[in-house]
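Structural overview for review
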Amino acid sequence: ISDEKGKEKQDEINKKFDEIKEDLNELKKLNEELSKPMELGDQEKQKEEISKELKDAKDNLEKQKEKKAGENQKKSAEEMEKMANDLNLAQSEANKKQEEEDIDLLRSILESLMTLSFTQEDVMLKFGKVRDNDPYYRRLGRSQRNIIDDTKIVADSLEALAKRQPKIASFIDKELNSIRQNFDLGLEDIDEHRRRELGQHLQFVMTSYNNLALMLN
């Protein structure tokens, strides 16, 4: 190869190598998000070998050893093709695993939302019947706080899901904000014995539970 063509080939291979390194970084990020990350193999060693061949090719071009440079370029191109194929296979496997994990997560969240909705309705109806001076009123207040704590766990799962599926992120964010806001108002209503307002705020919470469940179903 001529010196000029050798340099063009070198630039082309360097550009391809940069793209592969970006793909590798993306794959690593995806793999870290999995609950059980995959074994990705020794890509760092492959990267080092390719980098060495590219450096040798560059050095040989500068020394006008075009034939030797061409051999280095050929070897680095072959190594890159192998690495790209390995990355594509790993990417497909990681995507498949993420989809499976998302399905399991969706099922778990859906079951939790339905349980929370039924429990919240039960507590709301009991608040409507109990007298203010009945000790059971305070027990219901503790039950309501337990529902709030359990909802925080589900909210964490929903937010994790939203990061992986941006299309539904704004909807999840809106409904979770509504739940948090109405929980805060509901606790004030319990403290102030505002029964009618409490019923309204807890009904809004149940509506958000149901909206989220419908979106996930």
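Residues numbered from 1 in each chain as written. Predicted model: local features only at pLDDT ≥ 70, side-chain atom pairs only at ≥ 80, totals over all residues. Heavy atoms only, no water.

This part takes up the packing of helix 4 (residues 135-164) against helix 6 (residues 195-216). Interaxial distance between helix 4 and helix 6 falls to 13 Å at its minimum, and their mutual angle equals 30°. Of the possible angle classes, the one that applies to helix 4 and helix 6 is roughly parallel. At the point where helix 4 passes helix 6, the crossing takes the left-handed sense. Taken together, the residues of helix 6 that come into contact with helix 4 (itself represented by Tyr 137, Gln 144, Ile 147, Thr 151, Leu 158 and Leu 161) are Arg 195, Leu 202, Tyr 209, Leu 212 and Leu 216. Among the residues making up the contact of helix 4 with helix 6, the classes are represented as 8 nonpolar, 2 polar and 1 charged. (Axes fitted to C-alpha atoms, helices over the stretch in contact; angles between N-to-C directions. Helix = DSSP H or I, 4+ residues; strand = E, 2+ residues; numbered from the N terminus. Parallel < 35°, antiparallel > 145°, perpendicular 65-115°, else oblique. Left-handed = near helix turned anticlockwise from the far one by under 90°. Contact = heavy atoms within 4.5 Å. Nonpolar A, V, L, I, M, F, W, Y, C, P; charged D, E, K, R; others polar.)

In this section: the pattern of salt bridges. The full count for this structure, using the stated rule, is 9 salt bridges. Linking Asp 104 and Arg 107 is a salt bridge whose minimum nitrogen-to-oxygen distance equals 3.2 Å. With Asp 104 and Arg 107 both in helix 3 (residues 66-129) and 3 residues apart, this pair spans about one turn of that helix. Since its relative accessible area comes to 44%, Arg 107 is described here as partly exposed. The partner of Arg 194 in a salt bridge is Glu 188, and the shortest N-O contact between them spans 4.0 Å. Classification of Glu 188 as partly exposed rests on a relative accessible area of 43%. Among the ionic contacts, a cluster of salt bridges with common partners joins Glu 188, Asp 189 and Arg 194. (Salt bridge = Lys/Arg side-chain N within 4 Å of Asp/Glu carboxyl O. Buried < 20%, exposed > 50% of the residue type's maximum accessible area, 1.4 Å probe, protein only.)

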